[in-house]
Amino acid sequence: MTQIDFSSAAVHIVGGGLAGSEAAWQVANNGVRVVLHEMRPQRMTAAHQTDGLAELVCSNSFRSDDAANNAVGLLHTEMRRLGSLIMRCADANQVPAGGALAVDREGFSSAVTKALGDHPLIEISRAEIAGLPPAAWRNVIVATGPLTSAPLADAIRALTDESALAFFDAIAPIVHRDSIDMSKAWFQSRYDKIGPGGSGADYINCPMTETQYHAFVDALIEGEKAVFKDWETDTPYFDGCLPIEVMAERGRETLRHGPMKPVGLTNPHDPTVKPYAIVQLRQDNKLGTLYNIVGFQTKLKHGAQTRIFRTIPGLENAEFARLGGLHRNTFLNSPKLLDSQLRLRAEPRLRFAGQMTGCEGYVESAAIGLIAGLYAASDARARMLSTPPPTTALGALLGHITGGHIETIDAGPRSFQPMNVNFGLFPPLANPPTKKPDGTRLRGNEKTAAKKQAICARALSDLDRWIADALRPAAAA
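Residues numbered from 1 in each chain as written. Predicted model: local features only at pLDDT ≥ 70, side-chain atom pairs only at ≥ 80, totals over all residues. Heavy atoms only, no water.

A. Highlighting the overall build of the chain. Each helix and strand counted, the chain has 12 helices and 17 strands in total. Burial status across the chain gives 56% buried among its 477 residues. For the chain, the share of sequence-separated contacts (at least 6 apart) that also reach a separation of at least 24 residues comes to 72%. As displayed, the chain offers around 19800 Å² of accessible surface, 53% of which is attributable to carbon and sulfur atoms. (Helix = DSSP H or I, 4+ residues; strand = E, 2+ residues; numbered from the N terminus. Buried < 20%, exposed > 50% of the residue type's maximum accessible area, 1.4 Å probe, protein only. Contact = heavy atoms within 4.5 Å. Areas by Shrake-Rupley, 256 points an atom, 1.4 Å probe, with all protein chains shown as cover.)

B. Quick peek at the environment of Leu74. Mapped onto the elements of the fold, Leu74 is located in helix H2 (residues 71–81). Residue classification places Leu74 among the buried positions, given a relative accessible area of 0%. On a C-alpha basis, the gap between Leu74 and Ser64 in space is 9.0 Å, while along the polypeptide they are 10 residues apart. The residues touching Leu74, leaving out its near neighbours within four places in the chain, are Asp66, Ala67, Ala393, Phe426, Cys456, Ala459 and Leu460.

C. Here's a closer look at the pairing of strand E5 (residues 100–103). Side chains of E5 alternate between two faces, with Ala100 and Ala102 and Leu101 and Val103 buried alike. With 2 bridges connecting them, strand E3 (residues 61–64) and E5 associate as antiparallel partners. Its bridge partner being in E5, Ser64 is matched across the sheet by Ala100. Alignment of strand E4 (residues 94–95) against E5, held across 2 bridges, turns out to be antiparallel. Across the sheet, residue Val95 finds its bridge partner in E5, namely Ala102. (Pairing = 2+ DSSP bridges.)

D. Region of the structure containing the nonpolar core. One finds Phe62, Phe108, Ile371 and Trp466 to be the most contacted residues of the largest nonpolar core, which totals 94 residues. Not counting chain neighbours up to four residues away, the residues in contact with Trp466 comprise Leu82, Ile371, Leu374, Leu385, Ser386, Thr387, Pro388, Pro389 and Leu471. Counting 35 residues, the second-largest nonpolar core is a separate cluster that includes Ala248, Leu281, Leu315 and Leu323. (Core = buried A, V, L, I, M, F, W, Y, C linked by side-chain atoms within 4.5 Å.)

E. Up close: the pairing of strand E1 (residues 11–14). Going residue by residue along E1, you find Val11 and Ile13 tucked away on one face and His12 and Val14 tucked away on the opposite face as well. Crossover connection from E1 via helix H1 (residues 18–29) to parallel strand E2 (residues 34–37): handedness right-handed. Alignment of E1 against strand E7 (residues 140–142), held across 3 bridges, turns out to be parallel. Within the sheet, the bridge partner assigned to Ile13 lies in E7 and is Ile141. (Right-handed = clockwise from strand over helix to strand, strands pointing away.)

F. Structural context of the packing of H1 against helix H3 (residues 85–92). In contact at an axis separation of 8 Å, H1 and H3 are set at 110° when each is read in the N-to-C sense. By the angle class used here, H1 and H3 are roughly perpendicular. Residue-level inspection shows Leu18, Ser21, Glu22 and Trp25 of H1 in contact with H3, the latter providing Leu85, Ile86 and Arg88. Classifying every residue of the contact of H1 with H3 by side-chain character gives 4 nonpolar, 1 polar and 2 charged. (Axes fitted to C-alpha atoms, helices over the stretch in contact; angles between N-to-C directions. Parallel < 35°, antiparallel > 145°, perpendicular 65-115°, else oblique. Nonpolar A, V, L, I, M, F, W, Y, C, P; charged D, E, K, R; others polar.)

G. Structural context of unusual backbone geometry. Its identity is not glycine, yet Ala54 carries a phi of approximately 55°, on the positive side. Turning to its location among the elements, Ala54 is positioned in the loop between E2 and E3. You can call Ala54 buried: its relative accessible area is 0%. Backbone geometry at Arg63 places phi at a positive 70°, although glycine is not the residue there. Mapped onto the secondary structure, Arg63 falls in strand E3.

H. Broad picture of the pattern of salt bridges. Throughout the structure, instances matching the rule amount to 20 salt bridges. Of the charged contacts, one joins Arg465 and Asp462 as a salt bridge, the two residues approaching to 2.8 Å between their closest N and O atoms. Of this pair, Arg465 and Asp462 both sit in helix H12 (residues 445–476), 3 residues apart, which is roughly one turn of the helix. One network of salt bridges, in which partners are shared, links Asp339, Arg343, Arg351 and Asp379. (Salt bridge = Lys/Arg side-chain N within 4 Å of Asp/Glu carboxyl O.)

I. Structural detail: the packing of aromatic side chains. This model, assessed by the stated rule, comprises 8 aromatic pairs. One aromatic cluster is present, formed by Phe62, Phe108 and Tyr362 through successive ring pairs. Stacked on the ring of Tyr276, the Lys or Arg Arg256 has its end atom at 3.8 Å from the ring centre. (Phe/Tyr/Trp six-rings, centres within 6.5 Å; stacked < 30°, edge-to-face > 60°. Lys NZ or Arg CZ within 6 Å of the ring centre and 35° of its normal.)

J. Representation of the sheet that holds strand E6 (residues 122–125). A sheet is described by the order of its strands in space; here 6 strands give the open sequence E6-E2-E1-E7-E17-E16, paired in mixed fashion. Two strands close off the open sheet at either side, each with one partner strand: E6 and strand E16 (343–344). As judged from the 2 bridges shared by E16 and strand E17 (residues 347–352), these two strands associate in the antiparallel manner. Within the sheet, the bridge partner assigned to Arg343 lies in E17 and is Arg351.

K. Geometry of H2. Burial within H2 is extensive, with 9 of its 11 residues counted as buried. Among the residues of H2, those classed as buried are Ala71, Val72, Gly73, Leu74, Leu75, His76, Thr77, Glu78 and Met79. N-cap assignment for H2: the residue whose side-chain oxygen lies 3.0 Å from the backbone N of Val72 is Asn70. Count one or two residues on from H2 and you reach Gly83, which has phi positive near 75°. (Polar contact = N/O pair within 3.5 Å; in protein donor to acceptor, adjacent residues only side chain to side chain.)

L. The sheet that holds E3, seen in detail. Taken in spatial order, the 3 strands line up as E3-E5-E4 in an open sheet, and their pairing is antiparallel. Edge positions in the sheet fall to E3 and E4, since each of these pairs with one other strand and no more. Across the face of the sheet, H2 comes into contact with E3 and E5 while running at roughly 115° to E3.

M. Summary view of the side chain of Ser21. With respect to the helices and strands, the residue Ser21 is situated in helix H1. Residue classification places Ser21 among the buried positions, given a relative accessible area of 0%. One polar contact links the side chain of Ser21 to the main-chain carbonyl oxygen of Gly17, over a distance of 2.7 Å. Here Ser21 is in contact with Gly15, Gly16, Leu53, Ala54, Leu85, Ile86, Val112 and Leu116, once residues within four sequence places are set aside.

N. Summary view of a positive patch on the surface. A cluster of basic side chains, namely Lys435, Arg441, Arg443 and Lys447, defines a positive patch on the protein surface. Mapped onto the elements, Arg443 comes out in the loop between helix H11 (393–404) and H12. For Arg443, a relative accessible area of 59% gives the class exposed. (Patch = residues over 30% accessible without salt bridge, like charges linked within 9 Å, V, L, I, M, F, W, Y side chains within 5 Å. Lys, Arg positive; Asp, Glu negative; His and termini not counted. Charge placed at Lys NZ, Arg CZ, Asp CG, Glu CD.)

Right, dumping it as structure tokens:
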């Protein structure tokens, strides 16, 4: 049984969503007192309908539960092995959804609320924290989500700088590098320019003929668009991140003079023919496994994006780590502002968790709440907790947030964007599988499936080792 440390100072957690709720559970189960601050119902948000903790404001799906072939399913299993409250309540309130884990949203929220309310080391305070948490609180987790209140956002910015927070989430699609057809695409920077951290061949370039370009513009204009949610409607477009379909509507040649301009590049596959337009992809993570399509933020619905973007030469078989989007979302420039344990470098008593750190999705938010809770509990008990291995889903997601992203290699706005967990965030396998159990060679989709299964098996093995080495000695102390 976990030793209860009644002498330790309380950990204050601001925000009772999935991340804050999970963090509170992890802290308390490590014998440390918790005060969980949730402003609802004293002050409601534009998205929430109830005063329940861990209320699901959009879908009721936690996505795939397949831990052998899917990155989020793997994250489910890792969280279960770490005693996740969110996963326990999700499993207990599951509704039929095929291979996905979907929940009865009211039953799920009620179960989380009851579990936290019944825990002897957790106090739930129903009041808004308007601004920076009091200085007397020495161990704080801020998990206020994508709709962080203005006073708190202003306080965070005052501690850092004007680029600390983004309020408009302009996301370009991100593609798995190994799904790009390099017999059609090539590496080159415009005019072979070597930018900061660059080599002069920092972009993957996909050429288009005039016919292909005009068909692409037509498809963008005609494609089905998503609409802003109610609380996003007051967030206007700005010229620095116009949706690509809006640019296309402004004139048929607009894209050729914007993100698809064909200047300063030569196609080595056909050097005598100048492309009419060129789509560029830029490296998105330090591992070099993910590339984002430059300037392609969009409000196209996901099905339309997949169909239209796969008409780009070289991207016919593209696998997307995430699709594009454009919506209101408050999130930190985490790779610059947070350390490896999610502490704000400018004021380390403040630790951040959940969607505002730069992760997308219910499960990912809860997972970052989980690790933030473990870190905070370790701090309260004057112990040091090592980082989860980067080969695990939890470690890979944490790595993306705290340092796995690379800054843009040329002039322009910062490029860090929230992301769901995906296999592109994991370190490559040292020895990818090439053969079946019977000794015959893996081909095509078989090779892809075997690679995913090997990544998942490695992750769970490494997680179990980390739990045994890093967590069990502390729990038994």
